Amino acid sequence: SNRVEAWTRDVDFLLRQEGRPMVNLTGDRKHVRVMEADWQNTDKAVSWIKEEAVNLTQPFVLYLGLNLPHPYPSPYAGENFGSSTFLTSPYWLQKVSFEAIKIPKWSSLSEMHPVDYYSSYTKNCTGEFTKQEVRNIRAFYYAMCAETDAMLGEIISALRDTGLLKKTIVIFTADHGELAMEHRQFYKMSMYEGSSHVPLLVMGPGIKEQQQVPNVVSLVDIYPTMLDIARIPVPQNVSGYSLIPLLRGKAENKESPRGPRPSWVLSEFHGCNVNASTYMIRTGKWKYIAYSDGHSVLPQLFDLTADPDELTNVALKFPVIVHSLDKILRSIVNYPKVSSSVQEYNKRQFISWKQSLGQNYSNVIANLRWHQDWLKEPKKYENAIDKWL
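Description of the structure in this document. (Residues numbered from 1 in each chain as written. Predicted model: local features only at pLDDT ≥ 70, side-chain atom pairs only at ≥ 80, totals over all residues. Heavy atoms only, no water.)

**Focus on the packing of helix α2 (residues 36-51) against helix α5 (residues 131-161)**
Then, number 1: Running from amino to carboxyl end, α2 crosses α5 at an angle of 10 degrees, the nearest separation of the two axes being 9 Å. By the angle between their axes, α2 is roughly parallel relative to α5. Taking contact as the criterion, the partners of D38, W39, T42, A45, V46, I49 and K50 in α2 are, on α5, E147, A150, M151, E154, I155, A158, L159 and D161.
Then, number 2: The residue makeup of the contact of α2 with α5, split by class, is 9 nonpolar, 1 polar and 5 charged. (Axes fitted to C-alpha atoms, helices over the stretch in contact; angles between N-to-C directions. Helix = DSSP H or I, 4+ residues; strand = E, 2+ residues; numbered from the N terminus. Parallel < 35°, antiparallel > 145°, perpendicular 65-115°, else oblique. Contact = heavy atoms within 4.5 Å. Nonpolar A, V, L, I, M, F, W, Y, C, P; charged D, E, K, R; others polar.)

**Side note on the sheet that holds strand β8 (residues 286-291)**
Then, number 1: The strand order across the open sheet built from 4 strands is β6-β7-β8-β9, with neighbouring strands paired in antiparallel fashion. The open sheet has two free edges, formed respectively by β6 (264-269) and β9 (300-303), since each of these has just one partner strand. For this sheet, the mean inter-axis angle between neighbouring strands, taken without regard to orientation, is 15 degrees.
Then, number 2: Relative to strand β7 (residues 278-283), β6 is paired through 6 bridges, and the arrangement is antiparallel. Considered in β7, the bridge of S267 is made with M280.
Then, number 3: Of the strands in this sheet, β6, β7, β8 and β9 touch helix α9 (residues 319-332), which is tilted by about 65 degrees from β8. (Pairing = 2+ DSSP bridges.)

**Considerations on the pairing of β8**
Then, number 1: Most of β8 sits inside the fold, with 6 of its 6 residues counted as buried.
Then, number 2: Side chains W286, Y288 and A290 project from β8 onto one buried face, and the interleaved K287, I289 and Y291 project onto a second face that is buried too.
Then, number 3: For β7 and β8, the ladder comprises 6 bridges, and the chain directions are antiparallel. Each bridged residue has a counterpart across the sheet, and for T278 the counterpart in β8 is Y291.
Then, number 4: Hairpin geometry of β7 and β8 is characterised by an intervening segment of 2 residues between the two adjacent antiparallel strands and by a positive phi of about 60 degrees at G284.
Then, number 5: As paired strands, β8 and β9 are joined by 4 bridges and run antiparallel to one another. By the bridge assignment, I289 is partnered in β9 with Q300. (Buried < 20%, exposed > 50% of the residue type's maximum accessible area, 1.4 Å probe, protein only.)

This is the structure:
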């Protein structure tokens, strides 16, 4: 589903790729372990710390990947087929203060940037939502975050109980955020803060407590940071910079063979739920988002100091800033060229996939996530694909 939807994003049609987001309460006030698989992995990690790590003479690295706080897929048929479900129990929900939940402001559908509109439509969020529905989705998401926090707590407790905490560096981060109905979207695939700004928490020996580092940093910095911790030289061709100088509260080390850390971070996305290749550069208070070839889809510029909710695109108001950020972006990645090669790749992949299925391709498409829309007018959508090819 993800791949076919991404390959066909240039086709002139709009299809809902997700079920409408919803919430579901399970169990009672004693039901702690909602995401059982994550808890089992956490238990394994705790056992390993207590039984193995404690006896090691060499340094260790432990990686624990959690699925929470992802929404849960809902496989059942019917109107909510494939909808993402924010699922929790009363135990976690009672930890959320509902009155503190902010209801995000939405632009009207007609005012939305065309890529945002496409994302919102494919995520099935263009319909009516009551304030209560939006508040619930956000509350359930926070409850799922609380359950995730508890798993992190188990790891920290195991390190403390074994006396390893004083000599272990713990890094907690995520691959993306959750929009949770900000900008009339849920899930990810967006350059808005809710999706692209991720948690990054680090504790351990030599790291200053309670400090917030204001620098913009990137997930590509994690790898060189871990090499640095392990005292392994960082290869010259690695993207990213070690976070150790920042974590120790020191100024950036100007002696780094690769020079100082750049003042920007980059993100790009070419997958489903977005109908153009997307590139974001963040530096200081500015966030600049360019699409496709830079011309056919208008860029966005947000001043995150004046407009933290990213409701006002000021690209037309500040052409000089747009020009200078676009220049930096092009110096990092030749994005029009990348976008063009992605378009060619998408078409090539779709054609080979279609040929592998023979005449039957429409029946297969009719069983992907967007089946409800597709089955209303399959001929119309097949014709749109033919025209694109």
